[in-house]
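# Structure assessment
Residue-level listing of the chains:
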Amino acid sequence: QVQLVESGGGLVQAGGSLRLSCAASGRFLSVNLMGWYRQAPGNQREFVATITSGGRTTYADSVKGRFTISRDNAKNTVYLQMNSLKPEDTAVYYCNADLTPIGFGTRNYWGQGTQVTVSS
């Protein structure tokens, strides 16, 4: 029943911006590490950014200076602000989080994915 619900994907011109959101829903005790990954056609899923519950962030080199990950612990939501988008950013973006459901130990969850398309 615990799941990650994503929103914010879409089509944007190169140089534009998008903001992705991912909210953890269901019955759980805590939300730990949260992050974003992406998968382009014909490629494997790759790391984009993560943020700890305390707000420490890490980024893939390919997005440093352009993307910003943040979270609102009160809303159990993680965001990815994507600026200066490039065509090579085109991919399905997946939310990821370590959640502790009620009655279970901490486990890793994936969102359903949201398409981001950057046109030139």
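Coordinates for the structure precede this section.
Residues numbered from 1 in each chain as written. Predicted model: local features only at pLDDT ≥ 70, side-chain atom pairs only at ≥ 80, totals over all residues. Heavy atoms only, no water.

### A word on the sheet that holds strand β1 (residues 3-7)
Reading across from one edge, β1-β3-β8-β7 is the order of the four strands in this open sheet, with antiparallel pairing throughout. Edge positions in the sheet fall to β1 and β7 (67-72), since each of these pairs with one other strand and no more. Within this sheet the neighbouring strands show an average axis-to-axis angle of 15°, counted without direction. Across six bridges, β7 lies against strand β8 (residues 77-82) in antiparallel orientation. For serine 70, the partnering residue across the bridge sits in β8 and is tyrosine 79. (Pairing = 2+ DSSP bridges. Helix = DSSP H or I, 4+ residues; strand = E, 2+ residues; numbered from the N terminus. Axes fitted to C-alpha atoms, helices over the stretch in contact; angles between N-to-C directions.)

### Regarding the state of the cysteines
According to the stated counting rule, one finds one disulfide in the structure shown. At a sulfur-sulfur separation of 2.0 Å, the disulfide partner of cysteine 22 is cysteine 95. The sign of the -85° torsion about the S-S bond sets the cysteine 22-cysteine 95 disulfide as left-handed. Note that cysteine 22 is positioned in strand β3 (residues 18-25) and cysteine 95 in strand β9 (residues 91-101), a separation of 73 residues in sequence. Neither cysteine 22 nor cysteine 95 differs from the other in exposure class; each is buried. (Disulfide = S-S within 2.5 Å. Buried < 20%, exposed > 50% of the residue type's maximum accessible area, 1.4 Å probe, protein only.)

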